[in-house]
Amino acid sequence: MKDLALLILRAGAGLFIIINHGLMKVQALMSGGEIKFADPLGFGMGTSMTLSAFAEFFCGGLLVLGLFPRVSAGILAFNMFVAGVIHHAADPLAAKELALLYLIVFISLLILGAGKYSINQLLPAKFRKY
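Thresholds, definitions, all that
- Note that residues are indexed from 1 along each chain, following the sequence as it is written.
- In view of the model being predicted, local features appear only for residues whose pLDDT reaches at least 70, and side-chain atom pairs are presented and counted only at 80 or more, with totals across whole chains, interfaces and linings using the full set of residues.
- Where side-chain values are given, they derive from all heavy atoms of the structure, hydrogens and water being excluded.
- Each helix is a run of DSSP H or I of at least 4 residues and each strand a run of E of at least 2, with the numbering of both proceeding from the N terminus.
- We compute the radius of gyration over the C-alpha atoms and compare it with the globule rule, which gives 2.2 Å times the number of residues raised to the power 0.38.
- Here the accessible surface of atoms and residues is derived via Shrake-Rupley with a 1.4 Å probe, and residues count as covered only by protein chains that are part of the display.
- We define a nonpolar core as any set of buried Ala, Val, Leu, Ile, Met, Phe, Trp, Tyr and Cys residues linked to one another through side-chain atoms lying within 4.5 Å.
- Here's how the labels work: a residue is buried when its accessible area is under 20% of the maximum for its type, exposed when over 50%, partly exposed in between, all with a 1.4 Å probe on protein chains only.
- By definition in these notes, contact holds between two residues if any of their heavy atoms fall within 4.5 Å.

Caption draft 1: Structural context of the overall build of the chain. Each helix and strand counted, the chain has four helices and zero strands in total. Along the chain, helices (α) and strands (β) appear in the sequence α-α-α-α when read from the amino end. In terms of overall size, the chain behaves like a compact globule, its C-alpha atoms giving a radius of gyration of 15 Å where 130 residues would be expected to give roughly 14 Å. If you line up the chain on its principal axes, its C-alpha atoms span 45 × 35 × 25 Å. Roughly 7400 Å² of accessible area belongs to the chain as shown, and the carbon and sulfur atoms make up 72% of that amount.

See below:
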């Protein structure tokens, strides 16, 4: 049952982060319009949005597939840490709740991995730890 729960958790969280957050950022980047995005780490709005889009769209997709789940979950956890703890630091809990919930999910997947229902299980043993 643990492996089924991990499949549900990573596929659900991955799909939600892709559809509700990553896709919108990728479309905005591809439109070529002016980028207005938070820059909590000082990289510039365009770079911050590109990194966030990469995490939410690409790493979210890898997480759904269960391919390199620890790496993907680690990148997503960092992205959610920046959003929930740094960017929304002064905001009320309700404003940062979703980012913090995602952070908890992604940290859990970082620790637990993808489970046996994942593409990662088809890789050679030396790559499964990622």
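Caption draft 2: Representation of unusual backbone geometry in the model. Its identity as a non-glycine residue notwithstanding, F68 has a phi of 50 degrees, on the positive side. Positionally, F68 belongs in the loop between α2 (45-65) and α3 (69-87).

Caption draft 3: Quick look at the nonpolar core. Of all hydrophobic cores here, the largest spans 17 residues; its most connected members are I17, L63, L76, M80, F106 and L109. Listing elements by their share of this core, those giving two or more residues are α1 (2-31), α2, α3 and α4 (93-112). Here I17 is in contact with G22, E56, G60, L76, M80, Y102 and F106, once residues within four sequence places are set aside.

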